[in-house]
Amino acid sequence: MKKSEKVLLGIFAAIFIGVALIGGGAFAFRTYFEVQDEVELLRDRLGSMNLAVSQGTEWAEKNTWLEENAPGFTSNKDASAKLLETVTAAAQKHDLTIGGTELLERTRAIGTDGLPVEEEEESHFEKASIKTTLTGVSEQAFYTWLHTLQQPKSFIGITRLQINPAGSNKTINAEVEFTQFYHEKAAPKVTKAN
């Protein structure tokens, strides 16, 4: 081999080794940062899992409280009747006259197969709703009535409220939608006595 061929071969070998080192270095550099990103994601995930584990007992206590305190009704009709009774009794206690009540039925979308479509965000609770109309009632008594009904242990919420001034002596006209959240419980079994 001639001296010029040896020099050329050395140059090509150096270029080849340089390209291989640069390519390998770039690949290693990119891989290193991808691994670092993956490690960071895993570290965040581990942190959220540790947080969930540490809060597990707190959420278990909350769930136990819900199970012990949430009202149970055998049907939507029973829940609606109890809600109407509670709302009416509280109104009478605060000297309010309810002008009209309407039971609100829960509507479910019907699928192409004729069966109700399951909701994507299924609630932990069932619910029954009523709409009440009040005309010319005292503003103070009205707000006291709402406060009386909407207590944490009652599981009754005000889901719609429309208030208009009645025109005199701080009286108002109002439409209020109340919703009773509850767990559905099984109806008692009727057994035949011997």
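Residues numbered from 1 in each chain as written. Predicted model: local features only at pLDDT ≥ 70, side-chain atom pairs only at ≥ 80, totals over all residues. Heavy atoms only, no water.

## Describing the overall build of the protein chain
Item 1. Within the protein chain one finds 4 helices and 5 strands.
Item 2. Along the protein chain, from the amino end to the carboxyl end, the secondary structure elements read α-α-β-α-β-β-α-β-β.
Item 3. Expressed as lengths along the three principal axes of its C-alpha atoms, the size of the protein chain is roughly 115 × 65 × 45 Å.
Item 4. Residues classed as buried in the protein chain amount to 19% of the 194 residues present.
Item 5. When contacts within the protein chain are restricted to residue pairs at least 6 apart in sequence, long-range pairs at least 24 apart make up 71% of them.
Item 6. Accessible area for the protein chain stands at about 14600 Å²; split by element, carbon and sulfur atoms hold 58% of it.
Item 7. Averaging the locations of the 20 positively and 26 negatively charged side chains of the protein chain gives two centres separated by 5 Å. (Helix = DSSP H or I, 4+ residues; strand = E, 2+ residues; numbered from the N terminus. Buried < 20%, exposed > 50% of the residue type's maximum accessible area, 1.4 Å probe, protein only. Contact = heavy atoms within 4.5 Å. Areas by Shrake-Rupley, 256 points an atom, 1.4 Å probe, with all protein chains shown as cover. Lys, Arg positive; Asp, Glu negative; His and termini not counted. Charge placed at Lys NZ, Arg CZ, Asp CG, Glu CD.)

## As for the side chain of Glu177
Item 1. When you line up the elements, Glu177 lands in strand E5 (residues 171-184).
Item 2. Despite being buried, Glu177 has no salt bridge partner; Arg160 is the closest side chain of opposite charge, sitting 4.4 Å away.
Item 3. Once residues within four sequence positions are removed from consideration, Glu177 is found in contact with Leu104, Ile130, Lys131, Gly157, Ile158, Thr159 and Arg160. (Salt bridge = Lys/Arg side-chain N within 4 Å of Asp/Glu carboxyl O.)

## Quick notes on the pairing of E5
Item 1. Of all 14 residues in E5, 10 are buried, a share of seventy percent or more.
Item 2. In the sheet, strand E1 (residues 72-73) pairs with E5 via 2 bridges, with the strands oriented parallel. From the neighbouring strand, Phe73 faces E5, where its bridge partner is Glu184.
Item 3. With 11 bridges joining them, strand E3 (residues 126-138) and E5 adopt antiparallel strand pairing. Residue pairing across strands places Ser138 opposite Thr171, the latter belonging to E5.
Item 4. One ladder, built from 9 bridges, connects strand E4 (residues 156-165) with E5; its direction is antiparallel. Looking at E5, one finds that Gln162 is bridged to Glu175.
Item 5. Linkage of E4 to E5, two consecutive antiparallel strands, is achieved through a turn of 5 residues, within which Gly167 is found at a positive phi near 115°. (Pairing = 2+ DSSP bridges.)

## A look at the nonpolar core
Item 1. Of all hydrophobic cores here, the largest spans 19 residues; its most connected members are Val87, Leu96, Leu134, Phe142, Trp145, Val176 and Phe178.
Item 2. Residue assignment for this core shows that the elements contributing at least two residues are helix H3 (76-93), E3, helix H4 (139-149) and E5.
Item 3. If you tally residues by element for this core, the top one is H4, at 5 residues. (Core = buried A, V, L, I, M, F, W, Y, C linked by side-chain atoms within 4.5 Å.)

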